[in-house]
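Structural overview for review
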Amino acid sequence: GLEVRMTKRKLLGHDILKQSAVYPPNRVALSTSQVQTLRHNFILLQKWKFSFEKEPRTDDRSIVITGLPSICGRVAGLDDFFEILAELNHFRGGEIRPAFVKRILASQAF
């Protein structure tokens, strides 16, 4: 498997990015543009280990966050979710590494 050596500790690929359950799940209201960004980038957000569901009996702009990514054992927060939505809103293709991932990986470097 993937092994990262330029860190303070030895990390294997499956250690780097995991999903952590949010308990209790967090209900959040999104703006119209955030909803569009979320719909357009649904698969990419799942790839980065965000999980959410539409809350029944609410307006179209509310979701329930059920899982957040954990990178090197540090769990992303709701601010990171909103930050990646803002990043994706301006994203026009290619690869993306969310800012919170860059911060955490940089903190693991020598």
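Residues numbered from 1 in each chain as written. Predicted model: local features only at pLDDT ≥ 70, side-chain atom pairs only at ≥ 80, totals over all residues. Heavy atoms only, no water.

1. Things to note about the side chain of Ser-20
Put simply, the rule reads: Put simply, DSSP H or I for four residues or longer makes a helix, DSSP E for two residues or longer makes a strand, and each gets a number counted from the N terminus. When accessible area is computed with a 1.4 Å probe and restricted to protein chains, residues below 20% of their type maximum are described as buried, those above 50% as exposed, and intermediate ones as partly exposed. For this analysis, residues touch if any pair of their heavy atoms sits within 4.5 Å.
Along the chain, Ser-20 turns up in strand E3 (residues 17-29). The buried category is assigned to Ser-20, whose relative accessible area is 18%. Apart from the residues within four sequence positions on either side, Ser-20 is in contact with Thr-66, Gly-67, Leu-68, Ser-70 and Val-75.

2. Focus: the packing of aromatic side chains
Note the threshold: Any Phe, Tyr or Trp ring, taking Trp's six-membered ring, that has another such ring centre within 6.5 Å forms a pair; planes under 30 degrees apart are called stacked, those over 60 apart edge-to-face, and the others tilted.
Applying the stated criterion across every chain, the model contains 5 aromatic pairs. On the basis of an interplanar angle of 85° and a centroid distance of 5.8 Å, the ring pair of Phe-50 and Phe-100 is categorised as edge-to-face. Here the residue Phe-50 occupies a position in the loop between helix H3 (42-47) and strand E4 (51-54), and Phe-100 occupies one in helix H5 (residues 99-108), the gap between them amounting to 50 residues. Judged by relative accessible area, Phe-100 falls into the buried class, the value being 2%. Here the aromatic rings of Phe-81 and Phe-82 are separated by 5.6 Å at their centres, their planes lie at 70°, and the arrangement is edge-to-face. The exposure class of Phe-81 is buried, given its relative accessible area of 0%. Every member of this aromatic cluster is reached through a ring pair, and the members are Phe-42, Phe-50, Phe-52, Phe-81, Phe-82 and Phe-100.

3. Some points on helix H4 (residues 78-89)
In plain terms, the rule: One less than the residue count of a helix, multiplied by 1.5 Å, gives the span that helix is expected to have. The directions considered for the arc are those from the helix axis to the C-beta atoms.
Look at H4: 17 Å from first C-alpha to last across 12 residues, which is about the 16 Å you get at 1.5 Å a residue. All buried positions along H4 are accounted for by Asp-80, Phe-81, Ile-84, Leu-85 and Leu-88. Taken end-on, H4 shows its buried residues confined to a sector of 145°, consistent with a single buried face.

4. Quick look at the confidence of the model for the protein
Applied cut-off: As a per-residue quantity, pLDDT reports the predictor's confidence and falls between 0 and 100.
Looking at the protein as a whole, the pLDDT averages 81, with 77% of positions reaching at least 70. Confidence over residues 1-7 falls short of pLDDT 50; this stretch has 17 contacts with residues more than four positions distant or in other chains.

5. Side note on the pattern of salt bridges
Selection criterion: Any carboxyl oxygen of Asp or Glu within 4 Å of a side-chain nitrogen of Lys or Arg constitutes a salt bridge here.
Applying the stated rule across the entire model yields 2 salt bridges. Where Arg-103 meets Asp-80, a salt bridge forms, and the shortest distance between an N and an O atom there is 2.9 Å. One end of the pair, Arg-103, is in helix H5; the other, Asp-80, is in helix H4, and 23 residues separate them in sequence. Classification of Asp-80 as buried rests on a relative accessible area of 14%. For Glu-83, the salt bridge identified is with Arg-103, shortest N-O distance 3.3 Å. Of this pair, Glu-83 sits in helix H4 while Arg-103 is found in helix H5, placing the two residues 20 residues apart along the sequence.

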